[in-house]
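Chain residues, written in single-letter form:
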Amino acid sequence: MNKGELVDAVSEKASVTKKQADAVLSAALETIIEAVSSGDKVTLVGFGSFESRERKAREGRNPKTNEKMEIPATKVPAFSAGKMFRERVAPPKS
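Report on the accompanying structure. Remember, it's a predicted structure, so these values are computed and weren't measured experimentally.

Calculation notes
Residues numbered from 1 in each chain as written. Predicted model: local features only at pLDDT ≥ 70, side-chain atom pairs only at ≥ 80, totals over all residues. Heavy atoms only, no water. Pairing = 2+ DSSP bridges. Helix = DSSP H or I, 4+ residues; strand = E, 2+ residues; numbered from the N terminus. Axes fitted to C-alpha atoms, helices over the stretch in contact; angles between N-to-C directions. Salt bridge = Lys/Arg side-chain N within 4 Å of Asp/Glu carboxyl O. Buried < 20%, exposed > 50% of the residue type's maximum accessible area, 1.4 Å probe, protein only.

1. A few points about the sheet that holds strand S1 (residues 42-44)
Strands in a sheet are paired, the pairing made by backbone hydrogen bonds, and the direction either parallel or antiparallel.
Part 1 of the reasoning: The three strands are arranged S1-S2-S5 in an open sheet whose pairing can be described as antiparallel. Each edge of the sheet is formed by a strand with only one pairing partner; in this case those strands are S1 and strand S5 (74-81). Neighbour-to-neighbour, the strand axes of the sheet open up by a mean angle of 30°, direction not taken into account.
Part 2 of the reasoning: As judged from the three bridges shared by S1 and strand S2 (residues 48-55), these two strands associate in the antiparallel manner.

Have a look at this one:
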């Protein structure tokens, strides 16, 4: 599902126009991106959490030359699925 299809589904479920659904979805995504990039954690109960994580510096190899290289430390965005989301995707086995 791409963003256009998501906007269509949201507009149908929420009984709003596609333009309104697109505006709300875009604003929500932009707000999450701004919060995570400034170091905040965004938690949507039942859905999941967005946060930035530190990735340590490490040694890697150039696949073409097999030469060792240092990969610098960096921050990366991360998502952790909430309990309800995980159970919906992979129901617990009885």
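Picking up where we left off.
2. Things to note about the pattern of salt bridges
Part 1 of the reasoning: Inspection of the entire model under this criterion finds four salt bridges.
Part 2 of the reasoning: Taking the shortest distance from any N to any O, the salt bridge between Glu51 and Arg53 comes out at 3.2 Å.
Part 3 of the reasoning: The partly exposed category is assigned to Arg53, whose relative accessible area is 39%.

Nothing here speaks to function; it is all geometry.
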